[in-house]
Amino acid sequence: MKGVKIVTIGGGSSYTPELMQGFIKRYNTLPIREIWLVDIPDGKKKLEIVGALAQRMWDASGYDVKVHLTLDRREALKDADFVTTQFRVGLLNARIKDERIPLSHGMIGQETNGAGGMFKLLRTAPVIAQIIQDMKELCPNAWLINFTNPSGMITETVIRQCGWKKCIGLCNVPVNIMKNEPVMIGKKEGDLDFVFGGLNHFHFHRAYDKKTGQEVTHEIARAMMKDDKSNMANIQNEKFLLDQLLSMDCLPCGYHRYYYLTSQMRKKELEDYAEHKTRAEMVKEVEHQLFELYKDPALHEMPELLGKRGGKYYSDAACETINAIYNDTGRVMVVSTENKGALVDLDPQAIVEVSARITRHGAEPIAFGRMEPAVRGMVQLMKAMEETIIDAALHGDYGKALEAFQINPLVDHGQCAQDLLNEMLVANEKYLPKFHDKVEELKQAGVTVQDETARQLCEKGL
């Protein structure tokens with residue numbers, strides 16, 4: 001066997017050690033020949049630090065795998081078997097702006113939801129489209145495994161807009177749920193079967209006892225009122241409303257707190273904003289600590305601190321997905337993929353996040369069935385928002401961006417939405433070349449960045 005060539009775009013990410021650990025753990029079934037870590041010039045220093053750690057990890061494993069580092073994406077992509085994407089356009093400074101600017105307007109500031117999530121997509125979709133163009137030329141048979149956020153919308157961009165069908169999107173939220181919810185009702189991990197349906201960071205699920213086949217969704221809902229262990233560490237653990245969960249007949253994910261408990265979530269975020277403790281600002285400090293650890297030439301394993309970075313299990317999910325495709329295992333995982341009727345309330349071609357069997361052909365979705373009207377309506381609204389903001393990103397369409405802002409539940413509508421959109425466009429000028437003319441028009445009209453921290457980042461060209 002010639003072995004497998006893996007290319008990771010965004011290779012200088014702090015998540016890369018977890019990715020290496022996942023590949024090392026699976027080496028006997030996934031024989032990797034070489035790994036290429038790719039980054040941009042602004043990420044060169046981090047790439048060199050994390051790349052050296054990655055090589056030390058492989059050397060300590062005893063497996064003969066070479067880790068290549070490059071700033072030339074095309075050099076890396078040639079004849080790749082699998083490409084993983086974990087990049088952040090604008091680095092963490094862009095995330096700080098995504099969170100602080102909406103909060104300065106009194107709205108939710110979050111990385112993948114609301115205005116912040118839409119702007120992450122605006123910056124990222126054109127870049128993933130360029131990557132696909134390179135892949136079509138240099139590795140036309142490769143699979144793209146995406147966990148660049150917003151993962152579902154990026155996967156939709158790749159599959160529906162760029163026409164690259166060999167793509168699967170991943171998220172760690174379902175992994176956390178399946179690991180932790182059984183414990184909440186006195187079970188062990190693996191004792192329950194789960195069926196997921198919805199969108200990335202907006203999915204719902206049901207759970208069943210493997211031994212009896214009995215549905216335990218409502219039992220988990222009641223347990224969530226005491227201690228929701230399935231919630232993400234970076235999301236404030238406000239209690240959902242039990243009567244609502246029982247009526248929905250399915251369980252939300254942690255991110256639904258931003259939509260169903262908006263006032264409580266916003267209050268806490270505004271307190272953090274005033275103290276310069278937004279999630280982005282805290283993550284930036286954790287990243288600094290991580291890279292200081294990564295510099296240690298004696299370190300040859302993933303440090304425990306990485307668990308505090310957020311996104312735990314993303315990389316392990318990517319490795320398992322690649323393993324399942326390579327070995328045609330049929331492993332059931334929760335992924336973003338084409339709907340194909342799994343959610344009867346959405347277009348069969350829509351990209352959804354569902355339980356699916358992973359084979360050498362990719363993801364084979366498992367039917368979720370119909371949703372209750374209130375759940376169905378929210379999912380359809382969010383899918384419409386996703387499609388609209390993707391259209392805006394790829395074509396630099398200001399009107400479409402405004403439409404998306406107007407229907408996003410986490411953005412105050414009317415003139416408030418347009419004012420926020422305009423300010424964030426100016427703040428992201430460097431990363432939105434398709435909106436260049438509109439940004440110039442806004443600047444001429446006197447639109448400026450009001451949040452002091454965000455304005456200082458802009459003035460520094462960050």
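Cut-offs and rules
Residues numbered from 1 in each chain as written. Predicted model: local features only at pLDDT ≥ 70, side-chain atom pairs only at ≥ 80, totals over all residues. Heavy atoms only, no water. UniProt positions renumbered as here; feature names shortened; annotations may be inferred. 1 Å grid on protein atoms, 1.4 Å probe; cavity = no way out; pocket = protein on both sides within 12 Å on 5 of 7 lines; lining within 4 Å. Points joined across faces, edges and corners; volume = space filled by probe spheres on them. Helix = DSSP H or I, 4+ residues; strand = E, 2+ residues; numbered from the N terminus. Nonpolar A, V, L, I, M, F, W, Y, C, P; charged D, E, K, R; others polar. Core = buried A, V, L, I, M, F, W, Y, C linked by side-chain atoms within 4.5 Å. Buried < 20%, exposed > 50% of the residue type's maximum accessible area, 1.4 Å probe, protein only. Contact = heavy atoms within 4.5 Å.

- As annotated in an unreviewed UniProt entry, the protein carries the name 6-phospho-beta-glucosidase and is attributed to Grylomicrobium aquisgranensis.
- If you open the UniProt record of the protein and go to Sequence similarities (unreviewed entry), you find "Belongs to the glycosyl hydrolase 4 family."

**Considerations on empty space enclosed by the protein**
Now for step 1: Tallied over the full model, the rule gives two cavities of 30 Å³ or more.
Now for step 2: Taken as a whole, the largest cavity encloses approximately 130 Å³ of empty space.
Now for step 3: If you trace the largest cavity, you find 16 residues lining it, with T112, M153, N200, M382 and E386 closest to the centre.
Now for step 4: For the lining of the largest cavity, the secondary structure elements donating two or more residues are α5 (114-138), α6 (151-161) and α14 (373-395).
Now for step 5: Classifying every residue of the lining of the largest cavity gives seven nonpolar, eight polar and one charged.
Now for step 6: By volume, the second largest cavity is sized at about 30 Å³.
Now for step 7: Lining the second largest cavity are I177, M224, D228, S230, N231, P252, C253 and G254.

**Considering the nonpolar core**
Now for step 1: Residues F23, W58, V83, M135, I389 and F405 are the most contacted members of the largest nonpolar core, which totals 153 residues.
Now for step 2: With 12 residues, α5 is the single largest residue contributor to this core.
Now for step 3: Once residues lying within four places of it in the same chain are set aside, the contact partners of V83 are V7, I9, L77, M135, C139, A142, W143, L144 and I145.

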